[in-house]
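What follows is each chain in one-letter form.
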Amino acid sequence: MKGRRLLSNYEGLPPIKEECCDDSSETTAEVKYLNTNRLEPCNKFQDCLIRDKAQAILTNKLQHAKYDAASSPSLCASISEEILTAAKEMGFDRYKYMVTVLIVEKAGQAVNVVSRWVWDVQRDTWISAKYETDTFIALALIMACYYD
Amino acid sequence: MDDFQAGEETSFVVDEVSNIIKEAIESAIGGNVYQHNKVNQWTTSVVEQSLSQLTKLGKPFKYIGTCTVRWENKTMYCIVSAFGLAI
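Residues numbered from 1 in each chain as written. Chains lettered and ligands numbered in written order. Predicted model: local features only at pLDDT ≥ 70, side-chain atom pairs only at ≥ 80, totals over all residues. Heavy atoms only, no water.

Quick look at the overall build of chain B
Working step 1: The secondary structure content of chain B amounts to two helices and two strands.
Working step 2: In chain B, the succession of α and β elements from N to C terminus is α-α-β-β.
Working step 3: Taking all 87 residues of chain B together, 30% fall into the buried category.
Working step 4: Put simply, of all contacts in chain B between residues at least 6 apart along the chain, 52% involve residues at least 24 apart. (Helix = DSSP H or I, 4+ residues; strand = E, 2+ residues; numbered from the N terminus. Buried < 20%, exposed > 50% of the residue type's maximum accessible area, 1.4 Å probe, protein only. Contact = heavy atoms within 4.5 Å.)

Notes on the nonpolar core
The tendency in soluble globular proteins is for nonpolar side chains to be buried side by side.
Working step 1: Grouped together as the largest cluster of nonpolar side chains are 26 residues, with contacts concentrated most on Leu-58, Leu-62 and Ile-83 of chain A.
Working step 2: Put simply, the parts of the chain that give this core at least two residues each are helix H1 (47–62), helix H2 (72–90), strand E3 (95–105), strand E5 (125–132) and strand E6 (136–146) of chain A.
Working step 3: For this core, the element with the highest residue contribution is E6 of chain A, accounting for six residues.
Working step 4: Not counting residues within four places of it along the chain, the set of residues in contact with Leu-62 of chain A comprises Leu-75, Ile-79, Ile-103, Tyr-131, Thr-133, Phe-136 and Ala-138 of chain A.
Working step 5: Counting residues in each nonpolar core, the second largest holds 11 residues, with Val-114 of chain A together with Ala-28, Tyr-34 and Val-69 of chain B among its members. (Core = buried A, V, L, I, M, F, W, Y, C linked by side-chain atoms within 4.5 Å.)

Concerning the interface of chain A and chain B
Working step 1: Between chain A and chain B, the contact holds 32 residues from the first and 28 residues from the second.
Working step 2: Both sides together, the interface formed by chain A and chain B hides about 2,600 Å², and carbon and sulfur atoms give 56% of it.
Working step 3: There are two salt bridges connecting chain A and chain B.
Working step 4: Between Lys-62 of chain B and Asp-124 of chain A there is a salt bridge, and its shortest N-O distance comes to 2.9 Å.
Working step 5: On the surface where chain A and chain B come into contact, there are 12 residue pairs in polar contact (both at pLDDT 80 or more).
Working step 6: Ranked by the residues each element gives to the side of chain A that touches chain B, the list is headed by strand E4 (residues 110–118) of chain A, at nine residues.
Working step 7: Along the lines of polarity and charge, the residues of the side of chain A that touches chain B split into 16 nonpolar, seven polar and nine charged.
Working step 8: Direction of pairing for E4 of chain A relative to strand E1 (residues 61–72) of chain B: antiparallel, over a ladder of nine bridges. When the sheet's bridge partners are listed, Val-114 of chain A is paired in E1 of chain B with Cys-67 of chain B. (Buried area = accessible area lost by both parts, 1.4 Å probe. Salt bridge = Lys/Arg side-chain N within 4 Å of Asp/Glu carboxyl O. Polar contact = N/O pair within 3.5 Å; in protein donor to acceptor, adjacent residues only side chain to side chain. Nonpolar A, V, L, I, M, F, W, Y, C, P; charged D, E, K, R; others polar. Pairing = 2+ DSSP bridges.)

Things to note about the pattern of salt bridges
Residues and elements named next belong to chain A.
Working step 1: This model, assessed by the stated rule, comprises nine salt bridges over all chains.
Working step 2: Where Asp-93 meets Arg-38, a salt bridge forms, and the shortest distance between an N and an O atom there is 3.5 Å. Placement of the pair is Asp-93 in the loop between H2 and E3 and Arg-38 in the loop between strand E2 (27–32) and H1, with a sequence separation of 55 residues. Pair check on accessibility: Asp-93 and Arg-38 agree, each one buried.
Working step 3: Beyond isolated ion pairs, a larger network of salt bridges with shared partners links Glu-40, Asp-120 and Arg-123.

Topic: the sheet that holds E6 of chain A
Residues and elements named next belong to chain A.
Working step 1: The sheet built from three strands is open, its strands ordered E3-E6-E5 with antiparallel pairing. Each edge of the open sheet carries a strand with a single partner, namely E3 and E5. Direction aside, the axes of adjacent strands within the sheet are offset by 15° on average.
Working step 2: Looking at chain direction, E5 and E6 are connected through eight bridges and run antiparallel. (Axes fitted to C-alpha atoms, helices over the stretch in contact; angles between N-to-C directions.)

Set out below in structure tokens:
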């Protein structure tokens, strides 16, 4: 049996060191965590909190910004980093996050954004936040997926 | 929730997924010019087709697919991103 996936343990129980033999008959000490038997996250994801936070971050960073082809990519990257850090700080446990930030110039063009997913409907969710100025529209999409 | 890895490594193979998405775009949009009334249909069909092909691979992933279409007169740019989250 090659490789066992280790469980991270939130209850703070110490891991158990197990001696096991692998195929080449060498003994290796393997660390094994106990099952928590928890199917739901302790701190469930609350989308209203994240939505407000994302909206605030967008407003802060883009209030006085004008669309500029050279600086917008780095602006996008920094906004998404900030949103991701804020989401992680909120402390909802057992969630993976994905943040997409789109900045589109208002120049006689139109944009359509469509998303579909195959995930756990009861535990995974998404939120979107929009910010509009004279020269551009910014859209932030945040998906939170449960992982245990 | 112990998981014993099967003989085959299940990983997200970028090339395979790229091909699937390209085929989905080509079959849905092909060489069409932009038509306003059809664009909704095209975007949804691109994403749904690529997602269904990805799930057919049978790997233990959750998938999220996003299609962004930008159009201007008759030209269209279509950006499809697919994310796979291991379970």
